[in-house]
Amino acid sequence: MSSKVKYSKNKLIMRRLIPGAVIIFILLLIAYITFITYINVTNNIVYENINSDSSIVDDNIAYQSTPIVINNIILGGVYNYKWVSMERYYFESINKKLLDIDVYTKKGKTGTYKLSEVSKEDEATAAYTSTTRTNYTDEYLAVKTGNTTISKMNEVILNESNTIVYKNKVKKALGLYGILNNTVKIREVYEVALVPGKLSYIITATNDGKNNRGVYSVAIYASSMGDIKLIKYNYVKDVNNSSNFGIYTTKFVADLNGDNVCDIILQETNEFNSKYSVMELSNGKFYEVLSATINN
């Protein structure tokens, strides 16, 4: 007389799931060990996404492009929603001297002026210009007249209560980088609208200096809906070998290419130079699409 073996449906499911779970666990463990090894042998760690399409745009795009200027520095150009690198704009564009431009400070639009001659030294990493605006006390952003929408940057006054909230957002954004140093000192918080009508925050922070686990600087984006993203991050383990370590500062927030989403202009200042970057939110990440570096 034969006996029938009864199989539990749940047991069969578990038998199928366990091998997959083990594989996932092993992969995560390998990734974690790799990350820990990497951070222990590397002095300078940088998180940034770079899109270099601006340097290979079509000749006609470069020819028609108009400049994006910050504090007399050409960041690059834009035309028909396309980014154009500084080099492509400088060598190809017809829109240079006497172009009508709108000038903005953090207080808003100051007026419409003319672009002066654009110049660049042979070995220089940046091109320069000026405008017919005579007041250069305030930092400014200049673009072709009618070519951009600028977002107000309302600086948040920090207090004991909201500082804790912003610190927690930074810690969440840091993720695994928090292993390096998870202390937080908030530098600046701006309330902005990358998308019209939807408030968000740009937070810049560093470590608080209360331990010797290296130093970091970070810029993060936090939406009012709870979405938090790293914009840029850099860390140096050895503070005595930190010439490449840069502090991030938010300069302007504006829709520079006409796609109805504002871009962020960051300044990164280290021991020897300053870098200005246009950061675009695309496919859920921030990408550096234009940049210019000048010596301090």
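Above this text is the structure in question.
Fair warning: this is a prediction, and the values are worked out from it, not measured in the lab.

Bridge analysis of strand β2 (residues 66-70) against strand β8 (residues 141-144) gives three bridges, and the strand direction is antiparallel. Among the inter-strand pairings, isoleucine 68 is bridged to a residue of β8, identified as valine 143. Examined bridge by bridge, strand β5 (residues 100-105) and β8 share four bridges and lie antiparallel to one another. For tyrosine 104, the partnering residue across the bridge sits in β8 and is leucine 141.

This part takes up the layout of surface pockets. One number sums up the size of the largest pocket: a volume of about 220 Å³. What lines the largest pocket is a set of 15 residues, and nearest its centre among them are Ser54, Ser85, Val289, Leu290 and Ser291. Of all the elements, strand β18 (residues 285-295) adds the most residues to the lining of the largest pocket, at five residues. Here the residues of the lining of the largest pocket are counted per class, giving six nonpolar, seven polar and two charged. The calculated volume of the second largest pocket comes to roughly 170 Å³. If you trace the second largest pocket, you find it lined by Gln64, Thr66, Val78, Tyr79, Asn80, Tyr81, Asn95, Lys144, Asn147, Leu256, Asn257 and Gly258. Split into classes, the residues belonging to the lining of the second largest pocket amount to four nonpolar, seven polar and one charged.

Turning our eyes to something else, we now look at the packing of aromatic side chains. Summed over all chains, the structure comprises six aromatic pairs. Note on tyrosine 166 and tyrosine 201: the rings are 6.0 Å apart at their centroids and 50° apart in plane angle, and the pair reads as tilted. Of the two residues, tyrosine 166 is situated in helix α4 (residues 160-174) and tyrosine 201 in strand β12 (residues 198-206); the sequence distance between them amounts to 35 residues. For the pair formed by tyrosine 166 and tyrosine 201, the shared burial category is buried. An aromatic cluster is built from Tyr47, Tyr177, Tyr216 and Tyr233, whose rings are joined through pairwise contacts.

How each quantity is defined
- Residues numbered from 1 in each chain as written.
- Predicted model: local features only at pLDDT ≥ 70, side-chain atom pairs only at ≥ 80, totals over all residues.
- Heavy atoms only, no water.
- Pairing = 2+ DSSP bridges.
- Helix = DSSP H or I, 4+ residues; strand = E, 2+ residues; numbered from the N terminus.
- 1 Å grid on protein atoms, 1.4 Å probe; cavity = no way out; pocket = protein on both sides within 12 Å on 5 of 7 lines; lining within 4 Å.
- Points joined across faces, edges and corners; volume = space filled by probe spheres on them.
- Nonpolar A, V, L, I, M, F, W, Y, C, P; charged D, E, K, R; others polar.
- Phe/Tyr/Trp six-rings, centres within 6.5 Å; stacked < 30°, edge-to-face > 60°.
- Buried < 20%, exposed > 50% of the residue type's maximum accessible area, 1.4 Å probe, protein only.

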